[in-house]
Amino acid sequence: TTELVAYGLAGQQTAPSLQRFAGQHLEATQYHGLLKDPDAVVIDVRNRYESVVGHLQPPPGGATLLDPQLRHSREFPAWLAQPATQRTL
């Protein structure tokens, strides 16, 4: 597979190229600083169990936290494609 996480997407629906769409590594202090940005969106893609054990919490007035409450990471593409999700992003 050419996917970083094997979602099992069929046909043309493959994961974006990491070489083309890779993000920038952030140190913990940079990440925590960005959590204060009200224009930032954080998507917690961990499964429900992992999110319950320890969840992310941006400060009041900071980033928007979205928790898709996934059971398996392979559910992420379908959640991301939902109209309600797209409106939020």
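None of these values were measured; they are calculated from a predicted model.

**Student:** Explain the pattern of salt bridges to me, please; I cannot follow it from the model alone.
**Tutor:** For side chains of opposite charge, pairing can occur when their charged atoms come near one another. In total, this model carries one salt bridge according to the counting rule given. Here D44 makes a salt bridge to R46, at a shortest N to O gap of 2.7 Å. Judged by its relative accessible area of 4%, D44 is buried. On the basis of relative accessibility, which here comes to 27%, the residue R46 falls in the partly exposed class.

**Student:** Explain the layout of surface pockets to me, please; I cannot follow it from the model alone.
**Tutor:** With a probe scaled to a water molecule rolled over the atoms, the places where space remains empty come into view. There is about 230 Å³ of room inside the second largest pocket. In terms of lining, the second largest pocket is formed by V41, I43, D44, V45 and F76. Considering only residue class, the lining of the second largest pocket consists of four nonpolar, no polar and one charged.

**Student:** Any chance you could explain the environment of W79 here in plain terms?
**Tutor:** Following the sequence through the fold, W79 ends up in helix α4 (residues 76-81). When the C-alpha atoms of W79 and Q69 are compared, they prove to be 9.6 Å apart, with ten residues separating the residues in sequence. Setting aside its immediate chain neighbours within four residues, W79 contacts I43, L66, P68, L70 and T85.

Criteria and cut-off values
- Residues numbered from 1 in each chain as written.
- Predicted model: local features only at pLDDT ≥ 70, side-chain atom pairs only at ≥ 80, totals over all residues.
- Heavy atoms only, no water.
- Salt bridge = Lys/Arg side-chain N within 4 Å of Asp/Glu carboxyl O.
- Buried < 20%, exposed > 50% of the residue type's maximum accessible area, 1.4 Å probe, protein only.
- 1 Å grid on protein atoms, 1.4 Å probe; cavity = no way out; pocket = protein on both sides within 12 Å on 5 of 7 lines; lining within 4 Å.
- Points joined across faces, edges and corners; volume = space filled by probe spheres on them.
- Nonpolar A, V, L, I, M, F, W, Y, C, P; charged D, E, K, R; others polar.
- Helix = DSSP H or I, 4+ residues; strand = E, 2+ residues; numbered from the N terminus.
- Contact = heavy atoms within 4.5 Å.

So far we have only geometry, and geometry alone does not tell us how the molecule works.
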